[in-house]
Amino acid sequence: MLAAIIHGPRDVRAENRPDPRVLTPGDAVVRVVASCVCGSDLWPYRGVNETREPRPIGHELVGVVEELGADVTSAQVGDFVIVPFSLSCGECQACRAGFPSACDKVTGFGSADRDGLPVDGAQGERVRIPLAQHSLFPVGRTEADLEAAGLVPHLLTLADVMSTGYHAAVSAHVGPGDVVAVVGDGAVGLSGVIAAKQLGAERIIAMSRHEDRAALARELGATDVVSERGEEATAAVRDLLDGDLADAALECVGTAQSMDQAFGVVRGGGRIGFVGVPHGPALDVTRMFRRNISVGGGMASARRYMAELLPDVLDGTIIPGRVFDLELPLAKVAEAYAAMDERRATKVLLRP
């Protein structure tokens, strides 16, 4: 089968690999219908993360179940499923509390499972899914029906990016009447805009310097756009709000600058929901103490949010697949990474 393999910085290739098969009773094999490139995939692509290469890459997919281990009863062969970016058991304390991304047995794509067996990357034609009993999420409709309705890209976002944006808003306790600032205009930030609107925010400020992304943010629910950074961003938000600041901020990038910006645009007693993969930020506890700012968030528990978000995707209440602005065949995965790295695309959908 064809799969994306990262060999080093800016070196991702579509290569042939052995077809996966069921190796344990808890496994499934899923034929990938669509996958995509995530902003977090760009960290190893840019050489920021030290990684073991060459290795398969990608962690977002929707597909059709082809094989099931004997212990898997949550899905059937032929089911169209969403698979969350982190695989979980559904039984440990963290899973029972609604945080499967913190599962005691959490397993990532492109790594190894608890038995030391290799796990494929999601950017491939087929994937072995360990911990399949909890990790498979059947949609309840056929592949043909979903394709005909144009729903596949929207469902794919639930594997990670929409669930992550939603987690930012939930962690910031966004509610009716709130003013929310969204720091980051990538796919997660745009999903955060959708989530803030869905949770009842009255005013949503997208912080973006890119005209195309700012325009999409407005279409998805942003009421205002601020392009400034640092102290100028704080001043711009005050200008918009007649001297006030936002009730909540969604930090959707993961850098020191983005976290500082989130702190700068929320009022005293405000809330920050952070979901950007951390690369350099540090929490200033003294600043939190003096201004009574609460910070929550972390790795999103996509498996938890799928059930909440699925009905709104199926009936068109939310259209998170709008974050995909380029679609390519898996064979052109190198171009997919380059397009996102060079900001020629916000998020790229891959079709095996």
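Let me begin by describing the structure that accompanies this report.

Right, let's talk about the environment of R271 for a bit. Residue placement: R271 occurs in strand β15 (residues 266–274). Taking relative accessible area as the criterion, R271 reaches 13% and is therefore assigned buried. Separated by 240 residues in the primary sequence, R271 and R31 have C-alpha atoms spaced 41 Å apart. Discounting residues that sit within four places of it in the chain, R271 has contacts with A172, H173, V174, D178, D247, A248, A249, V266 and S294.

Helix α8 (residues 211–220) packs onto helix α7 (residues 187–198) with a crossing angle of 20° between their chain directions and a minimal axis gap of 9 Å. In terms of axis orientation, α7 runs roughly parallel to α8. Both α7 and α8 take part in a crossing whose hand is right-handed. Contacts between α7 and α8 involve L190, V193, I194 and K197 on the former and, on the latter, R213, L216, A217 and L220. Class assignment for the residues of the contact of α7 with α8 results in six nonpolar, no polar and two charged.

Among the polar contacts made by the side chain of R271, one reaches the main-chain carbonyl oxygen of A172 at a distance of 3.0 Å. At a separation of 2.7 Å, a polar atom in the side chain of R271 contacts the side chain of D178.

On the basis of which strands lie adjacent, the open sheet formed by six strands has the order β13-β12-β11-β14-β15-β16 and parallel pairing. Edge positions in the open sheet fall to β13 (224–226) and β16 (294–297), since each of these has one partner strand only. When the angles between neighbouring strand axes are averaged without regard to direction, this sheet yields 20°. Summarising the sheet, strand β11 (residues 179–183) and strand β14 (residues 246–251) pair through four bridges and their orientation is parallel. Bridging from a neighbouring strand, V180 pairs with A248 of β14.

How each quantity is defined
Residues numbered from 1 in each chain as written. Predicted model: local features only at pLDDT ≥ 70, side-chain atom pairs only at ≥ 80, totals over all residues. Heavy atoms only, no water. Helix = DSSP H or I, 4+ residues; strand = E, 2+ residues; numbered from the N terminus. Buried < 20%, exposed > 50% of the residue type's maximum accessible area, 1.4 Å probe, protein only. Contact = heavy atoms within 4.5 Å. Axes fitted to C-alpha atoms, helices over the stretch in contact; angles between N-to-C directions. Parallel < 35°, antiparallel > 145°, perpendicular 65-115°, else oblique. Left-handed = near helix turned anticlockwise from the far one by under 90°. Nonpolar A, V, L, I, M, F, W, Y, C, P; charged D, E, K, R; others polar. Polar contact = N/O pair within 3.5 Å; in protein donor to acceptor, adjacent residues only side chain to side chain. Pairing = 2+ DSSP bridges.

That's the geometry; what it means functionally is another story.
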